[in-house]
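Given next are the chains, with one letter for each unit.
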Amino acid sequence: MADSRINTTQPHTARIWNYWLGGKDNYPVDQAAGDQIRTLHPGIGAYALADRQFLGRAVSHLVTECGIRQFLDIGTGLPTADNTHEVAQRIAPESRVVYVDNDPLVLTHARALLTSTPEGRTDYLDEDLRNVEAILEHAAKTLDFDRPVALILLGVVIFIDDDSEAYGIVRRLLDALPAGSHLVLSHTITSPSMPDVDEAVAFWNENGTPKLTQRTPEEVAGFFEGLELLEPGVLSCNRWRTEETAGVEDVAMFGGVGLKR
């Protein structure tokens, strides 16, 4: 039975993101909005891809260099290639991953596609980022909160417009995790050097759902307060631990990885 929350008459961010990444889990209304946004900001597809590749590099680093075997991925989005559990379990099959999203289409696909290796576990929670206690309670059924966990928040805190609430949510999630845990976060930025991004976001907020909030690079770095930032810090996602950065232009999605001591 179709989920009554799936609205095919209004563009939705998860489906547009899927469209930009070359996926098929979207509708004409999403494609039209995606094309309009791409007209306003031609580089939008590049930063969707940069964010996805940042996820792969961050997860690989955490598994291989930091020994992380547990991941709490909130704001999963529609499954594509190299999802968190695929990257982690390819390196360490015993890795455990809990995905959280509140989009009904994401939920439908997650149940079918987000499977696990026999040695590890993959679970999915249909929940809103704001419901921190519910997320933690459910995640504890799969993850051991006495051992380090990587908290992944890619392009999701942008949907919390109140700054104090946004920082507070991230802090409450981190407070529940032990020392040795990491935060992986990316966020759409606003910058005088990227005026077309502001125009594209304004179009989205007038036509799409859910509405999003931009923050400056400095405000994005604020989410890592109290953590030990891994090099090279908070910067354009396509520059985070990439081998070749010469001639690479920044994208309007900044991210970083921080360690909780």
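Residues numbered from 1 in each chain as written. Predicted model: local features only at pLDDT ≥ 70, side-chain atom pairs only at ≥ 80, totals over all residues. Heavy atoms only, no water.

Novice: Would you mind showing me how to read the overall build of the protein here?
Specialist: The secondary structure content of the protein amounts to nine helices and eight strands. Taking 18 Å as the expected radius of gyration for a compact globule of 261 residues, we find that the protein reaches 17 Å, a close match to that expectation. Structurally, the protein occupies a C-alpha span of about 50 × 45 × 35 Å along its principal axes. Here the protein holds 261 residues, and 52% of them are scored as buried. (Helix = DSSP H or I, 4+ residues; strand = E, 2+ residues; numbered from the N terminus. Rg over C-alpha atoms; globule rule 2.2 N^0.38 Å. Buried < 20%, exposed > 50% of the residue type's maximum accessible area, 1.4 Å probe, protein only.)

Novice: Where do I start with the environment of aspartate 128 in this structure?
Specialist: When you line up the elements, aspartate 128 lands in the loop between β3 (121-126) and α6 (132-139). Sequence separation between aspartate 128 and methionine 194 is 66 residues; the distance between their C-alpha atoms is 30 Å. The residues contacting aspartate 128, other than those within four sequence positions of it, are Asn102 and Ile135. Among the polar contacts listed, one links the side chain of aspartate 128 to the side chain of asparagine 102, at a separation of 3.1 Å. Polar side-chain contacts of aspartate 128 include one of 2.7 Å to the backbone nitrogen of arginine 130. (Contact = heavy atoms within 4.5 Å. Polar contact = N/O pair within 3.5 Å; in protein donor to acceptor, adjacent residues only side chain to side chain.)

Novice: How do you make sense of the side chain of aspartate 51 when you look at a structure like this?
Specialist: Considering the arrangement of structural elements, one finds aspartate 51 in helix α3 (residues 44-66). For the buried residue aspartate 51, which engages in no salt bridge, the nearest side chain bearing the opposite charge is arginine 52, 6.9 Å off. Not counting chain neighbours up to four residues away, the residues in contact with aspartate 51 comprise Trp17, Leu154, Ser186, Cys237 and Met253. (Lys, Arg positive; Asp, Glu negative; His and termini not counted. Salt bridge = Lys/Arg side-chain N within 4 Å of Asp/Glu carboxyl O.)

Novice: I'm lost on unusual backbone geometry in this one. Help?
Specialist: The general pattern is negative phi for most residues beyond glycine and trans for most peptide bonds. In the segment running from glutamate 231 into proline 232, the intervening peptide bond is cis, with an omega of 10°. Position of proline 232 relative to the elements: it lies in the loop between β6 (228-229) and β7 (235-236). One non-glycine residue, arginine 241, adopts positive backbone phi at about 50°. The topology assignment puts arginine 241 in the loop between β7 and β8 (253-259). Under the relative-accessibility criterion, arginine 241 is labelled partly exposed at 38%.

Novice: Looking at this model, I keep getting lost on the packing of helix α2 (residues 28-40) against helix α8 (residues 195-207). Mind explaining?
Specialist: For any two helices packed against each other, one specifies the crossing angle of their axes together with the interaxial distance. Where α2 contacts α8, the axes come no closer than 8 Å and their chain directions differ by 155°. Taken as axis vectors, α2 and α8 run roughly antiparallel relative to one another. In the packing of α2 onto α8, the handedness of the crossing is right-handed. Facing Ala33, Gln36, Ile37 and Leu40 of α2, the residues of α8 in contact are Asp196, Glu199, Ala200, Phe203 and Trp204. (Axes fitted to C-alpha atoms, helices over the stretch in contact; angles between N-to-C directions. Parallel < 35°, antiparallel > 145°, perpendicular 65-115°, else oblique. Left-handed = near helix turned anticlockwise from the far one by under 90°.)

Novice: Where do I start with the packing of aromatic side chains in this structure?
Specialist: Any pair of aromatic rings gets described here by the distance separating the centres and the angle formed by the planes. This model, assessed by the stated rule, comprises two aromatic pairs. With a centroid separation of 5.6 Å and 80° between ring planes, the pair formed by phenylalanine 54 and tryptophan 240 is classed as edge-to-face. Here the residue phenylalanine 54 occupies a position in helix α3, and tryptophan 240 occupies one in the loop between β7 and β8, the gap between them amounting to 186 residues. Look at tyrosine 167 and phenylalanine 223: their rings are 4.3 Å apart centre to centre, the planes differ by 40°, and that puts the pair in the tilted class. (Phe/Tyr/Trp six-rings, centres within 6.5 Å; stacked < 30°, edge-to-face > 60°.)

Novice: I'm lost on the nonpolar core in this one. Help?
Specialist: Nonpolar side chains in soluble globular proteins tend to end up buried together. Core analysis: the largest hydrophobic core is formed by 81 residues, its most contacted members being Phe71, Leu72, Ile74, Leu151, Leu153, Leu183 and Leu185. Element by element, the count of residues in this core is highest for α3, at 10 residues. When sequence neighbours within four positions are dropped, the list of residues in contact with leucine 72 reads Val98, Val100, Ile135, Ala139, Leu143, Val149, Ala150, Leu151 and Ile152. (Core = buried A, V, L, I, M, F, W, Y, C linked by side-chain atoms within 4.5 Å.)

Novice: How should helix α7 (residues 163-175) be read in this particular structure?
Specialist: Each α-helix winds once per 3.6 residues, and so residues spaced three or four apart point in a common direction. With 13 residues, α7 extends 18 Å from end C-alpha to end C-alpha; this agrees with the ideal 18 Å at 1.5 Å per step. Along α7, the residues that are buried comprise Ala166, Ile169, Val170, Leu173 and Leu174. Around the axis of α7, the buried residues are gathered within 130° of arc, so they sit on the same side. In α7, the exposed positions angled more than 90 degrees off the buried face are occupied by Ser164 and Asp175. Tucked into the core, α7 has its buried residues touching β1 (70-74), α6, β4 (150-154) and β5 (182-188). (Expected span 1.5 Å × (residues − 1). Arc of directions from axis to C-beta.)

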